Amino acid sequence: MEPNSPAGDRGIVVGYDGSDFAMQALDWAMDEAEYRNTPITVCHAWQTPYGAGDEEARKSLHHAAEHVLWHGAECARQCTSGVRVREDLFEGPASERLVALSETADLVVVGSRGLSGAARHVMGSVAGHVATHALCPVIVVRGAGSLPHRRHPGPVVVGVGGGDDHVLAFAYREAALRGLSLIAVHAWRYPAAAWAAGMAPMVMSDVPGREAVEALEAAVEPWRARHPDVHTLLQPVEGAVLDVLADSSPGATMLVVGATRARGVLGRLGSVTRPLIDAVTCPVAVVHS
């Protein structure tokens, strides 16, 4: 970080380790910084597997870490216009540093290998940890290599699940900055029925579906009024939250979800955040209340 820089002026923070996954996150972070006209902080964390007595090995690793960070920061400087680029080198867990920086950042961007099963158990998931514990919105960018700049980019898809003003505010801002349409998705379910021997089959009412539509319209309307230039499509879908959001993500530029566990008329999204990151291939924005 630059000396004497304002603590609250970190803008976009991006985790960078030199991998293809980190390069994709850096691409996204550079776009965000230009859209928002805000600084970008490139963060690289490193740790030594050697004992405290092996000072030469530690110095070598430190030098390599400095080079990795320089490479990421230099890419940002060369590939952006008018964006102030800062460097942050940290000895310790990357997830710990990114969560700490999130306290004064506008946004944290991380790449994800999309590990699953035993691989995630052994290696852990920096993206999952940061998305869960950060104090600002986090965008998890999936895949490897540079982000494709599609000629006709897809919409911003936002999951609406109760107490969503912070989620909708972020989604509409991203859609407006990028000139994209927005799809507001809400998953709803028929109430569970208790059956007993001799009972006549119950005819499903369409009341839950109508209530879902009305609640979704009420949640979105204030933000649609504030952003009249963003074309909005409402999409209430009967089904499990994780399945509905995952099915809505193909072709999307970004999927935006909340990280709260608050209950409300529209249900809750927080409990599916981490499995959702693993289930979809588009970038996922996790917005904390």
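Residues numbered from 1 in each chain as written. Predicted model: local features only at pLDDT ≥ 70, side-chain atom pairs only at ≥ 80, totals over all residues. Heavy atoms only, no water.

Engineer: I'm lost on the overall build of the protein chain in this one. Help?
Structural biologist: When helices and strands are tallied, the protein chain shows 9 helices and 10 strands. Sorting the 289 residues of the protein chain into buried and exposed places 46% on the buried side. In the protein chain, 79% of the contacts between residues at least 6 apart in sequence involve partners at least 24 apart. Just so you have it, the protein chain exposes about 14300 Å², and 53% of that area is on carbon and sulfur atoms. (Helix = DSSP H or I, 4+ residues; strand = E, 2+ residues; numbered from the N terminus. Buried < 20%, exposed > 50% of the residue type's maximum accessible area, 1.4 Å probe, protein only. Contact = heavy atoms within 4.5 Å. Areas by Shrake-Rupley, 256 points an atom, 1.4 Å probe, with all protein chains shown as cover.)

Engineer: Help me understand helix H1 (residues 20-36) in this model?
Structural biologist: The terminal C-alpha atoms of H1 lie 24 Å apart, and with 17 residues this matches the ideal 24 Å at 1.5 Å per residue to within 8%. Summarising burial for H1: 12 of the 17 residues are buried, a large majority. Residues Ala22, Met23, Gln24, Ala25, Leu26, Asp27, Trp28, Ala29, Met30, Glu32, Ala33 and Arg36 constitute the buried set of H1. At the C-terminal side of H1, asparagine 37 shows a positive phi close to 55°. (Expected span 1.5 Å × (residues − 1).)

Engineer: It is not clear to me how the pattern of salt bridges should be interpreted in this structure. Could you clarify?
Structural biologist: Should the charged atoms of two oppositely charged side chains come close, the side chains can pair. In total, this model carries 11 salt bridges according to the counting rule given. The partner of glutamate 74 in a salt bridge is arginine 77, with the nearest N and O atoms 3.7 Å apart. Of the two residues, glutamate 74 and arginine 77 are both situated in helix H2 (residues 55-79); the distance of 3 residues between them amounts to about one turn of the helix. Looking at glutamate 74, the relative accessible area reads 23%, which means it is partly exposed. For arginine 77, a relative accessible area of 35% translates into the label partly exposed. Of the charged contacts, one joins aspartate 88 and arginine 97 as a salt bridge, the two residues approaching to 2.7 Å between their closest N and O atoms. Among the charged side chains, a network of salt bridges with common partners joins Glu32, Arg36, Glu174 and Arg178. (Salt bridge = Lys/Arg side-chain N within 4 Å of Asp/Glu carboxyl O.)

Engineer: It is not clear to me how the pairing of strand E7 (residues 182-188) should be interpreted in this structure. Could you clarify?
Structural biologist: Within a regular strand, the side chains alternate between the two sheet faces. Within E7, 7 of the 7 residues are buried, which leaves it mostly tucked inside the rest of the structure. Neither face of E7 is left uncovered, since the one carrying Leu182, Ala184, His186 and Trp188 and the one carrying Ile183, Val185 and Ala187 both have all their residues buried. Strand direction decides the pairing type here: strand E6 (residues 156-159) and E7, joined by 4 bridges, are parallel. Each bridged residue has a counterpart across the sheet, and for valine 157 the counterpart in E7 is isoleucine 183. In this region the chain leaves E6, passes through helix H6 (residues 165-178) and returns to the parallel neighbour E7; the handedness of that crossover is right-handed. Sheet analysis places E7 next to strand E8 (residues 232-238), joined by 7 bridges and oriented parallel. The partner of leucine 182 across the bridge, within E8, is threonine 232. (Pairing = 2+ DSSP bridges. Right-handed = clockwise from strand over helix to strand, strands pointing away.)

Engineer: Which parts of the structure should I look at to understand the nonpolar core?
Structural biologist: Counting residues in hydrophobic clusters, the biggest one holds 44 residues, and the most contacted among them are Leu26, Ile40, Val109, Ile139, Val158, Leu182 and Val256. Broken down by element, the residue count for this core peaks at 8 residues, all from H1. The contact partners of leucine 26, leaving out residues within four places of it in the chain, are Val14, Tyr16, Ile40, Val42, Gly72, Cys75 and Ala76. In terms of nonpolar packing, the next biggest core, distinct from the first, is built from 31 residues, Leu98, Val108, Val244 and Cys282 among them. (Core = buried A, V, L, I, M, F, W, Y, C linked by side-chain atoms within 4.5 Å.)

Engineer: I'm lost on the confidence of the model for the protein chain in this one. Help?
Structural biologist: Predicted coordinates in regions of low pLDDT should not be interpreted in detail. A residue-level look at the protein chain finds 79% of positions with pLDDT of 70 or above and a mean pLDDT of 83. Put simply, helix H4 (residues 118-123) is where the protein chain has its lowest mean pLDDT, 39, and strand E1 (residues 12-15) is where it has its highest, 97. Below a pLDDT of 50 lies the segment residues 1-7, which in the model reaches 11 contacts outside its immediate sequence neighbourhood of four places, other chains included. In the model, residues 115-124 has pLDDT below 50 throughout and makes 7 contacts with residues more than four positions away in sequence or in other chains. (pLDDT = per-residue confidence, 0-100.)

Engineer: Got a minute to help me understand unusual backbone geometry in this structure?
Structural biologist: Negative phi values dominate among residues other than glycine, just as trans dominates among peptide bonds. Unlike most non-glycine residues, asparagine 37 shows phi in positive territory, near 55°. As for its placement among the helices and strands, asparagine 37 is situated in the loop between H1 and strand E2 (40-46).

Engineer: Would you mind showing me how to read the state of the cysteines here?
Structural biologist: As used in these notes, a disulfide is a covalent bond between sulfur atoms, one from each of two cysteines. Taken as a whole and assessed by the stated rule, the structure comprises 0 disulfides. Cysteine 75 provides the cysteine sulfur closest to cysteine 79, a residue in no disulfide bond, and the two sulfurs are 5.8 Å apart. (Disulfide = S-S within 2.5 Å.)

Engineer: I keep staring at the sheet that holds strand E4 (residues 107-112) and nothing clicks. Help me out?
Structural biologist: Strands belonging to one sheet form pairs held by backbone hydrogen bonds; the direction of such a pair is parallel or antiparallel. Taken together, 10 strands build an open sheet; the order of strands is E3-E2-E1-E4-E5-E10-E9-E6-E7-E8 and the sheet is mixed. This sheet does not close on itself; its edge strands, each paired only once, are strand E3 (85-91) and E8. Pairwise comparison of adjacent strand axes, ignoring direction, gives a mean angle of 20° for this sheet. Judged from the 7 bridges that link them, E2 and E3 form a sheet pairing that is parallel. From the neighbouring strand, alanine 45 faces E3, where its bridge partner is phenylalanine 90. (Axes fitted to C-alpha atoms, helices over the stretch in contact; angles between N-to-C directions.)

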